[in-house]
Amino acid sequence: MELKDFLEEERSLGKEEFIELVNRVIEILEKERKRDLVVIKPKGLLTVVGDLHGDLASLCFILEKSKFLERNDKIIFLGDYGDRGEYSPQIYFLILKLKENFPKRVFLLRGNHEFIEGLEIYPHDLPFQIIKRYGSSEVYEKVKEFWSYLYFSALVKKKYLFLHGGLPVNLSSVKELEKVSKESAEEILWNDPAEIKGFFPSSRGAGKIFGEDVSKRILKVLEVKTVIRSHEPSLKVNHSGLVLTLTSTKVYGNFASYLKINLEERAKDAFELEKEVIKF
Ligand SMILES: [Mn+2]
């Protein structure tokens, strides 16, 4: 299957077909997803995709350049699929098709734009874009159902932790990532790292800002070298190399990027990984 075939299929897709696609992917995730955390085996290459926010051109660029469809690699998405950019429905179609076609090689994480109850996001263009594309709010309800099957975080043991926002500041065991509390869910989706000590409430209105001491303590507990996250429109290193932030959308007028990690190599810190990020 080539990317252009997927895009062509999307153009003529009807409401019922889209809903059936979501149902098939939910069925896959229902069988596969035993916990809120997915453990990725340290085999082969992993492409890391940050926030997309409806930027279809950037997703297509990443799929083409990473040669995901031709190779036997893995790919992980760090959430925030829709809103802001105008191609949110198309992004959803593509990630659903990828999961359906390559279930063992595709990992879909939840972002704060795939919100949990009580933490609704604003601005939220997705429902309007879906109605424009499919003429029905039924499709949006189905997409929301799909969100509840997304993982909160992904772990490559002894190496990396992937999540959308940040570490829950009081995390004390990997078990708490396997079954996240409502409080931890909010923090995983909303937190941001900063060069501070400790933590304090975020000006975003949800989640917290956390410092290097928090990262240091939690990464030790998790036995992980580096956290890789998105949630901010930048490429940056925090906490002396413990946290890498990358973005894969140009909707803020900046560059987009992605990362390819060889999971069989030794774990790298965020400074090393930052040098390997492909910007475009
Ligand atoms: Mn976000």
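The structure displayed is predicted, hence computed values, not measured ones.

Draft legend 1. Expanded view of the coordination of the manganese ion. Looking at the metal site, the manganese ion is ligated by Asp80 (OD), Asn112 (OD1), His164 (NE2) and His231 (ND1), spaced 2.2 to 2.3 Å from it. One chain supplies every donor to the manganese ion, and in sequence these donors are spaced D-x31-N-x51-H-x66-H. Here His164 is found in the loop between strand E6 (160–163) and helix H7 (175–178), whereas its partner His231 is found in the loop between strand E10 (226–229) and strand E11 (236–238), with 67 residues between them in sequence.

Draft legend 2. Summary view of the side chain of Lys99. Residue placement: Lys99 occurs in helix H4 (residues 88–101). Since its relative accessible area comes to 1%, Lys99 is described here as buried. A polar contact is formed between the side chain of Lys99 and the backbone oxygen of Pro103, at a distance of 2.7 Å. Apart from residues lying up to four places away in sequence, Lys99 is in contact with Val25, Ile28, Leu29, Glu32, Val106 and Leu108.

Draft legend 3. Molecular detail of the pattern of salt bridges. Throughout the structure, instances matching the rule amount to 24 salt bridges. The partner of Arg35 in a salt bridge is Glu178, with the nearest N and O atoms 3.8 Å apart. Residue Arg35 is located in the loop between helix H2 (15–32) and strand E1 (37–39), and its partner Glu178 is located in helix H7; the two are separated by 143 residues in the primary sequence. The exposure class of Glu178 is partly exposed, given its relative accessible area of 24%. A network of salt bridges, in which partner residues are shared, links Asp192, Arg204, Arg229, Glu232 and Lys236.

Draft legend 4. Here's a closer look at the sheet that holds strand E8 (residues 199–201). Spatial strand order, E7-E9-E8: 3 strands in an open sheet with mixed pairing. Two strands close off the open sheet at either side, each with one partner strand: strand E7 (192–193) and E8. Relative to strand E9 (residues 208–210), E8 runs antiparallel, the two being bridged by 3 bridges. Paired with Phe199 across the strands is Phe210, a residue of E9.

Draft legend 5. Structural context of the pairing of strand E5 (residues 153–156). Burial along E5 is two-sided: Ser153 and Leu155 and Ala154 and Val156, pointing in opposite directions, are all buried. Where E1 and E5 come together, 3 bridges link them in parallel fashion. Each residue of the ladder has a partner; that of Val38, found in E5, is Ala154. Relative to E6, E5 runs antiparallel, the two being bridged by 4 bridges. Across the sheet, the residue bridging to Ala154 is Phe162, located in E6. Counted between consecutive antiparallel strands, the loop separating E5 from E6 contains 3 residues, among which Lys158 sits at a positive phi close to 70°.

Draft legend 6. The packing of helix H5 (residues 126–134) against helix H6 (residues 137–147), seen in detail. Interhelical geometry of H5 versus H6 gives an angle of 130° and a closest axis separation of 8 Å. By the angle class used here, H5 and H6 are oblique. For the pair H5 and H6, the sense of crossing is right-handed. Two secondary-structure elements touch here, H5 through Leu126, Pro127, Ile130, Ile131 and Tyr134 and H6 through Ser137, Val139, Tyr140, Val143 and Trp147. For the contact of H5 with H6, the per-class residue count stands at 9 nonpolar, 1 polar and no charged.

Rules used throughout
- Residues numbered from 1 in each chain as written.
- Predicted model: local features only at pLDDT ≥ 70, side-chain atom pairs only at ≥ 80, totals over all residues.
- Heavy atoms only, no water.
- Donors = N, O, S within 2.8 Å, 3.2 Å for Na, K, Ca; no water.
- Helix = DSSP H or I, 4+ residues; strand = E, 2+ residues; numbered from the N terminus.
- Buried < 20%, exposed > 50% of the residue type's maximum accessible area, 1.4 Å probe, protein only.
- Polar contact = N/O pair within 3.5 Å; in protein donor to acceptor, adjacent residues only side chain to side chain.
- Contact = heavy atoms within 4.5 Å.
- Salt bridge = Lys/Arg side-chain N within 4 Å of Asp/Glu carboxyl O.
- Pairing = 2+ DSSP bridges.
- Axes fitted to C-alpha atoms, helices over the stretch in contact; angles between N-to-C directions.
- Parallel < 35°, antiparallel > 145°, perpendicular 65-115°, else oblique.
- Left-handed = near helix turned anticlockwise from the far one by under 90°.
- Nonpolar A, V, L, I, M, F, W, Y, C, P; charged D, E, K, R; others polar.

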